[in-house]
Amino acid sequence: MNPAVLEAYGKRFRSLRCDPDQGRPRPHKAVMLLSVISLIESGRLASNRIVYDTDLTQIFARFFELVRSGSDKFTPFNPFFHLKSEGFWHLHAVPGKEAVLSAISTIRGRGQLESVVAYASLEEPLFILLADPTSREVLRKTLIETYFPHRAAEVLSASLEESAISSAQQILEKGNTSAGPAVAEAIRDAAFGRTIRKVYDYTCALCGIRFVCDDVVLVDAAHLIPFAESRNDSPSNGIALCKNHHWLMDKSLVAPGPAPNGDYAHPIWHISDALDSRLEAHRACMEYKRRPLLLPRDHQFHPMQTALDWRMDHLRVG
Ligand SMILES: [Zn+2]
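Residues numbered from 1 in each chain as written. Predicted model: local features only at pLDDT ≥ 70, side-chain atom pairs only at ≥ 80, totals over all residues.

A. Region of interest: the overall build of the chain. If you tally the helices and strands in the chain, you get 14 helices and ten strands. When burial is assessed residue by residue, the chain has 38% of its 318 residues classed as buried. Taking the contacts inside the chain whose residues are at least 6 apart along the sequence as the reference set, 65% of them involve residues at least 24 apart. (Helix = DSSP H or I, 4+ residues; strand = E, 2+ residues; numbered from the N terminus. Buried ≥ 20, exposed ≤ 12 C-beta atoms within 10 Å, placed from the backbone. Contact = placed C-beta atoms within 7 Å.)

B. Region of interest: the domain arrangement of the chain. For the chain, the domain assignment lists domain 1 (3-173) and domain 2 (185-314). Domain 1 and domain 2 are separated by 34 Å when their C-alpha centres are compared. In this complex, domain 1 contributes 14 residues to the contact, which on the side of domain 2 involves 15 residues. (Domains from an automatic or database assignment.)

C. View of the environment of Leu156. Tracing the sequence through the fold places Leu156 in helix 9 (residues 152-173). Sequence separation between Leu156 and Thr54 is 102 residues; the distance between their C-alpha atoms is 21 Å.

D. Structural context of helix 12 (residues 243-250). All buried positions along helix 12 are accounted for by His245, Leu248 and Met249. Within helix 12, the buried residues cover an arc of 100 degrees as seen down the axis, which keeps them to one side. Among the structural elements, strand 7 (220-223), strand 8 (238-241), strand 9 (254-259) and helix 13 (280-286) are those in contact with the buried residues of helix 12. Trailing helix 12 by a residue or two, Ser252 shows a phi angle of about 60 degrees, which is positive. (Arc of directions from axis to C-beta.)

E. View of the packing of helix 9 against helix 10 (residues 185-199). Where helix 9 contacts helix 10, the axes come no closer than 8 Å and their chain directions differ by 55 degrees. Comparing their axes, helix 10 and helix 9 come out oblique. Crossing geometry of helix 9 relative to helix 10 is assigned as right-handed. Mapping the contact onto sequence places Glu161, Ala164, Ile165, Ala168, Gln169, Leu172 and Glu173 in helix 9 and Ile187, Arg188, Ala190, Ala191, Phe192, Arg194 and Thr195 in helix 10. For the contact of helix 9 with helix 10, the per-class residue count stands at eight nonpolar, two polar and four charged. (Axes fitted to C-alpha atoms, helices over the stretch in contact; angles between N-to-C directions. Parallel < 35°, antiparallel > 145°, perpendicular 65-115°, else oblique. Left-handed = near helix turned anticlockwise from the far one by under 90°. Nonpolar A, V, L, I, M, F, W, Y, C, P; charged D, E, K, R; others polar.)

F. Expanded view of the pairing of strand 9. Of the pairings in the sheet, the one linking strand 9 to strand 10 (residues 263-271) comprises five bridges and is antiparallel in character. Paired with Pro256 across the strands is Trp269, a residue of strand 10. The hairpin formed by strand 9 and strand 10 contains three residues between the paired strands, and Gly262 there has a positive phi angle of roughly 80 degrees. (Pairing = 2+ DSSP bridges.)

G. Spotlight on the packing of helix 8 (residues 133-147) against helix 9. Helix 9 packs onto helix 8 with a crossing angle of 145 degrees between their chain directions and a minimal axis gap of 9 Å. Once helix 8 is placed against helix 9, the crossing between them reads as right-handed. Contact with helix 8, carried on its side by Arg140, Ile144 and Glu145, involves Ala152, Val155, Leu156 and Ser159 of helix 9 and no other residues of that element.

H. Looking closely at the environment of Gly193. For Gly193, the position within the fold is in helix 10. Spatially, the C-alpha atoms of Gly193 and Ala221 are 5.0 Å apart, while their sequence positions differ by 28 residues.

So this is what it looks like as structure tokens:
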């Protein structure tokens, strides 16, 4: 680590060009940089390629809620785009959209950003500094003390926790049953939730509803064999469901299980006999009987046989 290079970036971090609001800089750029720092610290950003995705906007949302004031709007796409004016943040166009990217000076929303920008990258010396724990700490503290001195302890604590969640998420995405014995409950829970929602592409495995708006995701992550019983947080013991269908599965009125010929590789939805086809709300649910589960593309994340058996054993009998 070269101290002069570190100091130079410290100076640039202290003088970010932020849209002023009543004498204080808007928090967006500093929050985006803190979010990227957490992703680098967790090991999820091993290469210098920052994609605008829900992993990033969820972390952004956590910091933003801590530091926002009055008229600040939740617009993570803005700092992702406008950080380019700092010189150390480079935008890379979606192939074929290079001319569009160089012509635009503002961004209207996530859709426009994703249609034009493939990813961002940091100036290489900065990426190297942020990959190093000592210099990363210096730059993180520079951002926090410059922009959020009134909430410094909380932002630092959230930053470390977000790194731990992302790190645990990375372990679960490799198919492990646990992110580690010493992982705190809140971190374990957040990592399981984010992993399941992501591998299911934020889609309900029963009805297929998918609603994503920056950090707002409609689906829940549910354990198939409850964690208290299984101690298993692996994606193959989880499923993404919308609120209604999560509730129906919790009440044992629907269950994922094998196809009639005992085919566990192509599981289907089983519906409890307790439902009554004469009732409209019940009928809406019964329409999903024997429909295939909407599963992740990656087969390693599909529900394991013992988890499907557990759900079938608990399906309510009418
Ligand atoms: Zn649903």
